[in-house]
Amino acid sequence: MGLKKKQFEKLSHVFGDRLITSKHELVIFSTDVGALPKQVGYMMNNNPDAAVQPETPEEIQSLYRIANEEKIPIIPRGAGTSGYGGAIPRKGGVIVDMRRMDNVLEIDEANQTVLVEPGISWANLQFELNRVGLDLRCYPSSGLSATIGGWVAQGGDGIGSLKYGKINDNVLSFEVVLPDGKIITSTDTDLFCDTEGILGIITKIRLRVKPLMPVKPIVVSFPENYQMVLAMEKMIEEGPLPYTIKFEESKYTDLKKQIWDSDEPFPFPVHHGTVLIAYEGTEEEIEEGFEVVRNITEQYHGTVYDEHVAAHEWKDRFYPMRVKKAGPTLVVGQAFAPLENLEAVLSDFQFEQASARAGIDGYVTSKNGVTIMGYFLEDERRRFFMLSWSQSFVIFKIAQRHGGHPHGIGIWFANYAPQYFGERRLAKIRAAKLKLDKNEIANPGKIFAYWLPFILKIGKYFMWIGYDLFRNGFGRIAPILLKWLQNLPPLKWMLRWGRAHSPWPVQYGIGCCMVDGAAAVASRWDIERFGMLPLFGPRQADVLWIAGSLTKKMAPRLRRIYEQMPEPKYVISFGQCAASGGLFWDGYSLMTPPEKVVPVDVYLPGCPPKPVDFIRAHLILQNKIRAGTTHWQRKYENQDAMGMIQ
């Protein structure tokens, strides 16, 4: 559309040569870190009409006055390192490039706070803080280029969030120019953190900081992703809280090997998942954490690497997208997921993306949550790149299946705003938007836009199916379609009936309870008359028996057997020893309850349980399968009530 002469003159009067209208310069502001397919241009106008570079809050006041008079959309922008579209125009308009406002205004060493303008990068702020003996509490992995205002306006978590919380927890106050032209100082993070600038433009931010302390990393790897997840959970539970934990699943590690350009050999074995753990504090505190990591790594059959590898990986934390070298195009997706479900997320990802050049890395950002980033190597020059671009939603789709939610909103996830913000906070944001921005000029089409995200929500399923058909043919997509079909009544009810009447158990007998289990299988009680066929190979069974004292040494073997079982799969725990330790409840080597290792559907106490109890446990499991209340069904099936649980 472009600016009219009168509009250009008004903006030029305020900004002078800091008004940008050249098309070749505006191209930079039409996208963010993600490569958009050209078809996106059919649905929205992501090309700005102009860009301005303010230096004072008063200039932003004048800009809002002109925008209200001329009905021009205003889109604030930092360094554009996000991938959600929050800094991209939806309807053209004027980009507000905040990078000239990059001053450190005040460092309060006594109260450990800093007042900055929003355009300064995290790396430059850290440099200024380090000079006076202070440091950042948390910062994004794109901290070398990302601006303070950009991360605050988008929200999220990153390096250091495990110990110090996400960015919302570290912001004390803002100075904001509102869409109606007023300049206010606020402490309301609900309105101005992760709201994409739809309520105004932040001009000053006061942040919490911390004393400068040594930070030292250690790197370990594991042959299986589930071992990696169990080890990370235990490191958080048993040792001092790390400053940060970064993980890379096995496919991502293999991608890194493809672009390895050092003279030294690639340090990690093929198909290993790697973990970077960093501790801060005194030498004694760091060594205490390292000792916990070494012990847990040995327990889960991992490998500990030397300081040289750790130093390289710590430096590399700022370059997660370096795998783009194997591209030529990198499609990126990001989501939040519960830590307890991370193994399931990685398992689903590796199944669905088995033939793709893709991988996942992420950070443990709280004691019970992780932020995951998915990387897909594609080629934007291909005719069907639009289908490939839909892969950026895959990570969110898998995370949502396991209790996750988007890591940000922007354009693409606006219809998930109620999940991200919560109904109450979203209502508060909506009320402020209606009051402060009556002309809908402040970053329109973000958070409260529905039609485009709705189209994407429907269209992405067709794009996923089309993409898989083009890439793999029907043979690869058939299992994915069957997973979807099994949730449709009455097929779901028929499958439940069949599964409930043909449970095939595999025995993990590690104690005397299995003597009674063997008797239940024998001719006197004849467990097979209930449709239960005992097997001795996990790849053909769907029920796992745990009987006896589960030790820390045997826990990884139990998990490996569980992973080898096909879906759907269920778990029954027999006897007091497995459930709570029994006579050995205070043993140093016990891992109780087994729920810490595998999801248990039925606990049957007794010391020992009788043969008839083994049959009774299966009848209870049958009822739970018919009712759809087993752990596996709660994860993968639509829920309803199909029977009475006894």
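Just so we're clear, the structure is a prediction, and the values are computed from it rather than from any experiment.

Thresholds, definitions, all that
- Residues numbered from 1 in each chain as written.
- Predicted model: local features only at pLDDT ≥ 70, side-chain atom pairs only at ≥ 80, totals over all residues.
- Heavy atoms only, no water.
- Pairing = 2+ DSSP bridges.
- Helix = DSSP H or I, 4+ residues; strand = E, 2+ residues; numbered from the N terminus.
- Contact = heavy atoms within 4.5 Å.
- Axes fitted to C-alpha atoms, helices over the stretch in contact; angles between N-to-C directions.
- Parallel < 35°, antiparallel > 145°, perpendicular 65-115°, else oblique.
- Left-handed = near helix turned anticlockwise from the far one by under 90°.
- Nonpolar A, V, L, I, M, F, W, Y, C, P; charged D, E, K, R; others polar.
- Salt bridge = Lys/Arg side-chain N within 4 Å of Asp/Glu carboxyl O.
- Buried < 20%, exposed > 50% of the residue type's maximum accessible area, 1.4 Å probe, protein only.
- Core = buried A, V, L, I, M, F, W, Y, C linked by side-chain atoms within 4.5 Å.
- Polar contact = N/O pair within 3.5 Å; in protein donor to acceptor, adjacent residues only side chain to side chain.
- Expected span 1.5 Å × (residues − 1).

### Some thoughts on the sheet that holds strand 15 (residues 329-338)
Pairing between the strands of a sheet comes from backbone hydrogen bonds, and it takes one of two forms, parallel or antiparallel.
Alright, step 1. A sheet is described by the order of its strands in space; here eight strands give the open sequence 14-11-13-12-16-17-15-18, paired in antiparallel fashion. Each having just a single partner strand, strand 14 (303-304) and strand 18 (405-406) make up the two edges of the open sheet.
Alright, step 2. Taken together, the two bridges between strand 11 (residues 215-222) and strand 14 define a ladder with antiparallel strand orientation. When the bridges of strand 14 are listed, Val220 appears paired with Val304.
Alright, step 3. Along the sheet face, helix 8 (residues 225-238) touches strand 11, strand 12 (244-248), strand 13 (273-280) and strand 16 (358-366) and points at about 15° away from the line of strand 13.
Alright, step 4. Contacting strand 11, strand 13 and strand 14, helix 10 (residues 283-299) crosses the sheet at an angle of about 0° to strand 11.

### Quick word on the packing of helix 8 against helix 21 (residues 555-564)
Alright, step 1. The contact between helix 8 and helix 21 brings their axes to 10 Å, and the two run at 135°. Considering the angle they form, helix 8 stands oblique to helix 21. Helix 8 and helix 21 meet at a crossing whose hand is right-handed. Along the contact surface, helix 8 presents Tyr226, Gln227 and Leu230, while helix 21 presents Pro556, Arg559, Arg560 and Glu563.
Alright, step 2. Considered class by class, the residues forming the contact of helix 8 with helix 21 number three nonpolar, one polar and three charged.

### Focus on the pattern of salt bridges
Close approach of charged atoms allows side chains with opposite charge to pair.
Alright, step 1. Taken as a whole and judged by the stated rule, the model has 33 salt bridges.
Alright, step 2. A salt bridge links Asp348 to Arg401, with the nearest nitrogen and oxygen atoms 2.7 Å apart. Placement of Asp348 in helix 12 (residues 342-352) and of Arg401 in helix 14 (residues 394-401) is noted, with a sequence separation of 53 residues between them.
Alright, step 3. With relative accessibility at 3%, the residue Asp348 sits in the buried group.
Alright, step 4. One salt-bridge network, held together by shared partners, links Lys6, Lys10, Arg65, Glu69 and Glu70.

### Thoughts on the nonpolar core
Alright, step 1. Grouped together as the largest cluster of nonpolar side chains are 73 residues, with contacts concentrated most on Phe247, Val275, Ile277, Leu342, Ile372 and Leu544.
Alright, step 2. Membership of the second largest hydrophobic core comes to 53 residues, among which are Leu134, Ile148, Leu191 and Val209.

### Examining the side chain of Glu70
Alright, step 1. Topologically, Glu70 is positioned in helix 3 (residues 57-70).
Alright, step 2. A polar atom in the side chain of Glu70 sits 2.8 Å from the side chain of Lys10.
Alright, step 3. Discounting chain neighbours no more than four positions away, the residues touching Glu70 are Lys6, Gln7 and Lys10.

### Quick notes on the environment of Leu115
Alright, step 1. Considering the arrangement of structural elements, one finds Leu115 in strand 6 (residues 113-116).
Alright, step 2. Residues Leu115 and Ile205, spaced 90 residues apart in sequence, show a C-alpha to C-alpha distance of 5.6 Å.
Alright, step 3. Look past the residues within four positions of Leu115 in its chain and what remains in contact with it is Val104, Leu105, Glu106, Lys204, Ile205 and Arg206.

### A word on unusual backbone geometry
Alright, step 1. Residue Glu567 is joined to Pro568 through a cis peptide bond whose omega torsion reads -5°.
Alright, step 2. Position of Pro568 among the secondary structure elements: in the loop between helix 21 and strand 21 (570-574).
Alright, step 3. The backbone phi angle of Lys71 is positive, close to 60°, even though this residue is not glycine.
Alright, step 4. Along the polypeptide, Lys71 turns up in the loop between helix 3 and strand 3 (74-77).
Alright, step 5. Using a relative accessible area of 52% as the deciding quantity, one classes Lys71 as exposed.
Alright, step 6. Look at Asn443: it is not a glycine, yet its phi comes out positive at around 45°.

### A short note on helix 8
Alright, step 1. Its 14 residues place the ends of helix 8 20 Å apart at the C-alpha level, agreeing with the 20 Å of an ideal helix rising 1.5 Å per residue.
Alright, step 2. Within helix 8, eleven of the 14 residues are buried, which leaves it mostly tucked inside the rest of the structure.
Alright, step 3. Inspection of helix 8 places Asn225, Tyr226, Gln227, Met228, Val229, Leu230, Ala231, Met232, Lys234, Met235 and Ile236 among the buried residues, and these make up the whole buried set.

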